[in-house]
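# Structural overview for review
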Amino acid sequence: AQSVSQHNHHVILSEAASLELGCNYSYGGTVNLFWYVQYPGQHLQLLLKYFSGDPLVKGIKGFEAEFIKSKFSFNLRKPSVQWSDTAEYFCAARRGGYQKVTFGTGTKLQVIP
Amino acid sequence: SQTIHQWPATLVQPVGSPLSLECTVEGTSNPNLYWYRQAAGRGLQLLFYSVGIGQISSEVPQNLSASRPQDRQFILSSKKLLLSDSGFYLCAWSVAGIGTEAFFGQGTRLTVV
């Protein structure tokens, strides 16, 4: 079965701290990977995605993620967080050639000014 | 450009009553369509997805059903709601075939009383 794991459920950081949120998926072969963000009261938005090519993916608002195939991981990073990054972050995956998109349980990030 | 509409935004229904949530997509043809339920601490749970008219894949056995009567219309239904059906329901679409990220609607907050 396909699954996506996010091990950090709730993260609290001070402004300017660095961020890394973990994401692991459980199946082999070709995979498409995504990070979504949900700001308070807003709908889910795509932060970045990986389909192929350079395993280091740049997204919006200074976020990036690195696909490490050997570790089945796609961790999200940001060098310096801002208060406005307070949100819930979801990792998602789709097995190549399939249409089903599976999400992780989400990580709530709270940035303290 | 493509847009996704989901309604109603909020709904309060008594136990045992029927349910019909509707989702429509504009500006694209033959999209993949998804229904997710978002619960605190559980992330986004995929309920149903569809790759074409009349084609529904059910991911989780439950009190709900889905239908796709038209290419860009996806309906989530129940004949008799249970208290446990309360939650936040999200419709999403993605481009068929090549696979892209999923684009989400605003969601429906369902409270069963």
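Details of the structure are given in the entry above.
## Notes on the state of the cysteines
All names here are of chain A. Enumeration according to the criterion identifies 2 disulfides over all chains in this entry. Cys23 shares a disulfide with Cys91; S-S distance 1.9 Å. Looking along the S-S bond of the Cys23-Cys91 disulfide, the torsion reads about -65 degrees, which is the left-handed sense. Highlighted residues: Cys23 in the loop between β3 (19-21) and β4 (24-25) and Cys91 in strand β10 (residues 87-95), separated in sequence by 68 residues. For Cys23, a relative accessible area of 0% corresponds to the buried category.

## Notes on the side chain of Glu64 of chain A
All names here are of chain A. Along the polypeptide, Glu64 turns up in strand β8 (residues 64-68). Relative accessible area serves as the criterion here: at 16%, Glu64 is assigned to the buried category. At a separation of 2.8 Å, a polar atom in the side chain of Glu64 contacts the side chain of Lys58. For Glu64, the residues in contact, after removing those within four places along its chain, are Leu48, Leu56, Val57, Lys58, Gly59, Asn75, Leu76 and Arg77.

Each value, and the rule that gives it
For every chain, the first residue of its written sequence is number 1, and the numbers climb from 1 along that sequence. For naming, the first written chain is A and the first written ligand is 1, with later ones following in the order written. With pLDDT at 70 or above as the cut-off, local features in this predicted model cover only qualifying residues; side-chain atom pairs require 80 or more to be listed or tallied, and sums for whole chains, interfaces and linings still use all residues. The side-chain figures draw on all heavy atoms in the structure; neither hydrogens nor water molecules are used. Two cysteine sulfurs form a disulfide in these notes if their separation is within 2.5 Å. Only DSSP runs of H or I covering at least 4 residues are called helices, and only runs of E covering at least 2 are called strands; the numbering of each starts at the N terminus. Any residue under 20% of the maximum accessible area for its type is buried, any over 50% is exposed, and the rest in between are partly exposed; the area is computed with a 1.4 Å probe on protein chains only. Two N or O atoms form a polar contact when they lie within 3.5 Å of each other; inside protein one atom must be a possible hydrogen donor and the other a possible acceptor, and for residues adjacent in sequence the pair counts only when both atoms belong to side chains. Contacts are assigned to residue pairs that have any heavy atoms within 4.5 Å of one another.

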